[in-house]
Amino acid sequence: MATVDFLADKENGILHQTVQVVQVPVYEQDINDDIVVDAAAGNVDSYLKLAPDGRTVLVPQPSDDPNDPLNWSSTKKHAILIVLSITAGLGDYSSAAGIPLIMSQGLEWNRTPAKVNETGNLNVLMVAIGGLFWIIVSTWWGRGPALFWSTLTGCAFTIACAVTHNYSVYYGFRVLMGFSFCAFQIVGLACIKDMFFFHEHARKIGIWAYGVFLTPYLAPMFSNFIIAGTHGRWRVAFWLVFAVGTFDLLLILLISDETYYDRSIPAHKQPARPKTFVGRMARLTGVWQIQNHNAAGFYHLRHAVTRLVKTFLKPIMIPCMIYYAMTFMWVVGINITSAILLQTPQEYGGYGFDNNAIGYLLFAPLVAVTIGELSGHFFNDLIAKRYVKKHNGVFKPEARLLMNQVVVLLMVPGLVLVGQTLEKHLSYAGIIMGWGMYVIGSMLASVSLTAYCLDSYGSASSEVAGLLNFARVGAGFSVGYFQEPWGKVNGYGQSFGIQAAIVAAASIILTVLQIYGARMRAKSGPVV
């Protein structure tokens, strides 16, 4: 059996992997220690399995079972990753698609845009709350059933929103859409951890996060074009959401599989996973999981709930959630304020853009998200490799946080630029540039923070993703209620300036984690 060993450095509160002290299986572990990832530089057991480059230690060590997702072919892994990325984007896509529709809906139902927008606010709130529900489902029942049933029910609720002519019915199903479609904004991270090795995490998280960060801008862009092209027929936008959802559901049925695998169970005791279509459907619908719940190592319901609480109480999680909320909640503020002022007639202090113009303007954040993903795809790995090289083949998760400190230089001036542009009614190019700077920074920072938390508590990947999502969306939900009045009363220059100051202040939290994070993790131990 492949083994690694741990030697405690009590002075620094860190555990260093060495050799021949205490032998422990490297299957499912949280990194409450520094970890040797470069066999050429570190002193590692000769039995450890390495990546094809001959020097990168595989963490976790894969079993010898071909059904172990770590042993799946690269093609299968990346095909499933693409499906996960599309599914992850459905939550924000279905939510943001409704933003440009509120004027047309208000006319149909004789309600103010603010009243109609309440459905969108509650939809966003359920994206946060629903994520906690799907964490428990994926841990107790499996990733496959969470993937299939969340997408299927989300599509059904979308049909209800598209066909109803009753505001109350629309209200109810709009909320349920958010509850269902949000699942793989969270559970997708667990699947990445199930299929990919430690040294691959940052890049794969970037691909998955690209789907999450792209859709809040892609959806309103399409909806604006639809409203402009159909003269206010808002239901067409929801049929597009349904089309995207059903396309994703088709991909799930054709490609996806159950990724959870308990490597503490010997291969000869693992329940059979038939490779037939019927066998895979059983794993997607949850029948296989029910039949093999204990044999496959799924958690019992009570344990699944308590693990969420235990993860939340880990000393680094609350600071990470506070940082995430302080940094990313302003995405909602920019979206709301810019959309309103850009469509407000010029004689009333706005820019007088129509729906078509707003749709084209949304290309700016779309390009920014893409730049953030492409650059983060390499820079996050570069930071990790540089750290490993400087520390004799040893890596610790806190090294990830350097990226978050760097991108403050983009996010803070980006928010200031948007605020000054709106305050002084400068060219909309200022909004485009500031918006883009902030979005690039938020994309890069989100990937590195998520990778840090996943590295720290890999055995609680769903819980980590759910808590971070709750912080991001929950805080963003609140901004919708005070952003516009705040800007009108105090001026957009001041309101966005304070937001920029809050983002800068949040970096102090990261500094504390960079200094004390390793000790905090070592002292609190893994999630059990």
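Worth saying up front: this structure is predicted, and the values here are computed from it rather than measured. (Residues numbered from 1 in each chain as written. Predicted model: local features only at pLDDT ≥ 70, side-chain atom pairs only at ≥ 80, totals over all residues. Heavy atoms only, no water.)

Description of the overall build of the chain
Convention followed: To qualify as a helix, a DSSP run of H or I must reach at least 4 residues; to qualify as a strand, a run of E must reach at least 2; elements of each kind are numbered from the N terminus. Only the C-alpha atoms count toward the radius of gyration. The rule for a globule is 2.2 Å times the residue count to the power 0.38. Only protein chains enter the accessibility calculation, which uses a 1.4 Å probe; a residue whose area is less than 20% of its type maximum is buried, one above 50% is exposed, and one in between is partly exposed. Should any heavy atoms of two residues lie within 4.5 Å, those residues are counted as being in contact.
Helix and strand counts for the chain stand at 19 helices and five strands. Its C-alpha radius of gyration of 23 Å places the chain within 12% of the 24 Å reference for a compact globule of 528 residues. Each principal axis of the C-alpha atoms in the chain carries an extent, and together these give about 75 × 50 × 35 Å. Burial statistics for the chain: of 528 residues in total, 59% are counted as buried. Nonlocal contacts in the chain, meaning residues at least 24 apart in sequence, comprise 76% of its contacts between residues at least 6 apart.

A look at a nonpolar patch on the surface
The condition is simple: Residues form patches when they are more than 30% accessible in relative terms and have no salt bridge. Like charges link within 9 Å. Nonpolar side chains (Val, Leu, Ile, Met, Phe, Trp, Tyr) link within 5 Å. Only the protein chains shown count as cover for residues, with accessible areas throughout obtained via the Shrake-Rupley method and a probe of 1.4 Å. By definition here, a salt bridge exists when the distance from a side-chain nitrogen of Lys or Arg to a carboxyl oxygen of Asp or Glu is within 4 Å.
On the surface, a nonpolar cluster with roughly 420 Å² of combined accessible area is contributed by Val309, Phe312, Leu313, Ile318 and Ile322. Those elements that provide at least two residues to the nonpolar patch are helix H11 (301-312) and helix H12 (317-328). Judged by its relative accessible area of 41%, Ile322 falls in the partly exposed class.

Observations concerning the packing of helix H1 (residues 74-96) against helix H6 (residues 187-195)
When two helices pack together, their arrangement is given by the angle between the helix axes and the distance between those axes. The condition is simple: Only the contacting stretch of a helix is used when fitting its axis, a line to C-alpha atoms as for every element, and angles between N-to-C directions run 0 to 180 degrees. Note on terminology: angles under 35 degrees are roughly parallel, angles over 145 are roughly antiparallel, angles of 65 to 115 are roughly perpendicular, and the others are oblique.
As a packed pair, H1 and H6 sit with axes 10 Å apart at the nearest point and diverge in direction by 170 degrees. Relative to H6, H1 is oriented roughly antiparallel. Residue-level inspection shows Lys77, Ile80, Leu81 and Leu84 of H1 in contact with H6, the latter providing Gly188, Cys191, Ile192 and Met195.

Let's talk about the side chain of Thr139
Tracing the chain through its elements places Thr139 in helix H3 (residues 113-140). On the basis of relative accessible area, Thr139 is assigned to the buried category, the value being 5%. Excluding its chain neighbours within four sequence positions, the residues that come into contact with Thr139 are Phe298, Tyr299, Ala304, Arg307, Ser462 and Glu463.

Notes on the nonpolar core
Condition: Note on terminology: a nonpolar core comprises buried Ala, Val, Leu, Ile, Met, Phe, Trp, Tyr and Cys residues joined through side-chain atoms within 4.5 Å.
By size, the foremost hydrophobic cluster in this structure holds 102 residues, and its most contacted members are Leu449 and Leu468. With 14 residues, helix H17 (residues 428-456) is the largest single contributor of residues to this core. Every residue in contact with Leu468, bar those within four places of it in the chain, is listed here: Met317, Cys320, Met321, Tyr324, Leu449, Thr450 and Cys453. Counting 21 residues, the second-largest nonpolar core is a separate cluster that includes Trp109, Phe157, Met177 and Trp234.

Considering the pattern of salt bridges
What the rule picks out here adds up to twelve salt bridges. A salt bridge links Asp194 to Arg143, with the shortest nitrogen-to-oxygen separation between them at 2.8 Å. Highlighted residues: Asp194 in helix H6 and Arg143 in helix H4 (residues 143-163), separated in sequence by 51 residues. We classify Asp194 as buried; its relative accessible area is 3%. On the accessibility criterion, Arg143 (7% relative accessible area) is buried. Here Glu398 makes a salt bridge to Arg521, at a shortest N to O gap of 2.6 Å. Here Arg521 lies in helix H19 (residues 492-524) and Glu398 lies in the loop between strand E5 (394-395) and helix H16 (402-423), a separation of 123 residues in the sequence.

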